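Notes for the structure review
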Amino acid sequence: MEEAKKTKDGKPVDAGVSMPHDKGYKKSLSRPEEFLHFLKKYIGADWMLELRATDFVLCDKEMLERDYEGREADLLYRVGMPDGEEVYVFILQELQSSVDYTMIFRILMYVVNTLVKHFLDMDKKTRERAGFRLPAMVPIVFYNGQERWTAVTNLRDYQRGGDIFGNHILNLEYYTA
């Protein structure tokens, strides 16, 4: 059985309640300049190189649904890419003492819920056009626990027989920072 999470003073923490330092990180990363700096420093993917802070718009929390246990993703940004496309970048802060081995499933739920909301919010005629495409979703897990992050980072590895079916099963991968 998994040990209950505790605060520094040993009191139990409700899974739906953020740790005190979550708010500081969240406040800082709620500023597009800080978020972009974080992305470039800790993720450093090629697609980020030309981005500016003005390309980032912090989305309303309602855009990102709660997961199966009532937890929320921490931040969701809509990002205007240099080519004119939009993507969503979301970050989950895992400021806890243990690795969450269900993280890839939680991310799957966030992605599906957000894309369903986006799809349903679109005009029906727009989404039924041949050229309609859903925005890309880029998940990032920000973890600063004591132990090394050892949870799988892609959905294929979380599924039984995932390696057998190649590209014929759903896959999803997240960045870790």
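Calculation criteria
Residues numbered from 1 in each chain as written. Predicted model: local features only at pLDDT ≥ 70, side-chain atom pairs only at ≥ 80, totals over all residues. Heavy atoms only, no water. Helix = DSSP H or I, 4+ residues; strand = E, 2+ residues; numbered from the N terminus. Buried < 20%, exposed > 50% of the residue type's maximum accessible area, 1.4 Å probe, protein only. Contact = heavy atoms within 4.5 Å. Areas by Shrake-Rupley, 256 points an atom, 1.4 Å probe, with all protein chains shown as cover. Phe/Tyr/Trp six-rings, centres within 6.5 Å; stacked < 30°, edge-to-face > 60°. Expected span 1.5 Å × (residues − 1). Salt bridge = Lys/Arg side-chain N within 4 Å of Asp/Glu carboxyl O. Core = buried A, V, L, I, M, F, W, Y, C linked by side-chain atoms within 4.5 Å.

1. What about the overall build of the chain?
Scanning the chain for helices and strands turns up five helices and five strands. A burial count over the chain gives 38% of its 177 residues as buried. Within the chain, contacts between residues separated by at least 24 positions form 58% of all contacts whose residues are at least 6 apart in sequence. Just so you have it, the chain exposes about 11,100 Å², and 51% of that area is on carbon and sulfur atoms.

2. Looking at the environment of Leu 75
Topologically, Leu 75 is positioned in strand β2 (residues 75-80). Among the residues examined, Leu 75 registers a relative accessible area of 5% and is labelled buried. Residues Leu 75 and Cys 59, 16 residues apart in the sequence, show an inter-C-alpha distance of 7.8 Å. With residues up to four places along the chain from it excluded, the contact list for Leu 75 reads Lys 26, Leu 29, Ser 30, Leu 58, Val 89, Phe 90 and Ile 91.

3. Re the packing of aromatic side chains
Enumeration according to the criterion identifies nine aromatic pairs in this entry. Site record: aromatic cluster; members linked through ring pairs are Phe 35, Phe 38, Tyr 42, Phe 56, Tyr 77 and Phe 142.

4. A look at helix α3 (residues 103-121)
For α3, spanning 19 residues, the distance from its first C-alpha to its last is 27 Å, which sits close to the expected 27 Å at 1.5 Å a residue. Turning to α3, its buried residues number three or more, namely Met 103, Ile 104, Arg 106, Ile 107, Leu 108, Tyr 110, Val 111, Thr 114, Leu 115 and His 118.

5. What about the pattern of salt bridges?
As enumerated under the stated definition, the model contains five salt bridges in all. The closest approach of N and O atoms between Arg 106 and Asp 100, which form a salt bridge, is 2.8 Å. Asp 100 carries the same exposure label as Arg 106, and that label is buried.

6. So, the nonpolar core
Counting 21 residues, the largest nonpolar core has Phe 90, Ile 107, Val 141, Trp 149 and Tyr 174 as the members making the most contacts within it. Within the residue set of this core, elements represented by two or more residues are β3 (86-94), α3 and β4 (136-143). One finds Leu 29, Ala 45, Met 48 and Phe 142 within the second-largest nonpolar core, a separate group that totals 20 residues.

7. Considering the environment of Phe 35
Checked against the element boundaries, Phe 35 lands in helix α2 (residues 32-43). By relative accessible area, Phe 35 is classed as buried at 0%. As for Phe 35 and Phe 56, which are separated by 21 residues in sequence, their C-alpha atoms are 8.8 Å apart. If we skip the residues at most four places from it in the chain, Phe 35 touches Leu 29, Phe 56, Tyr 77, Val 89 and Ile 91.

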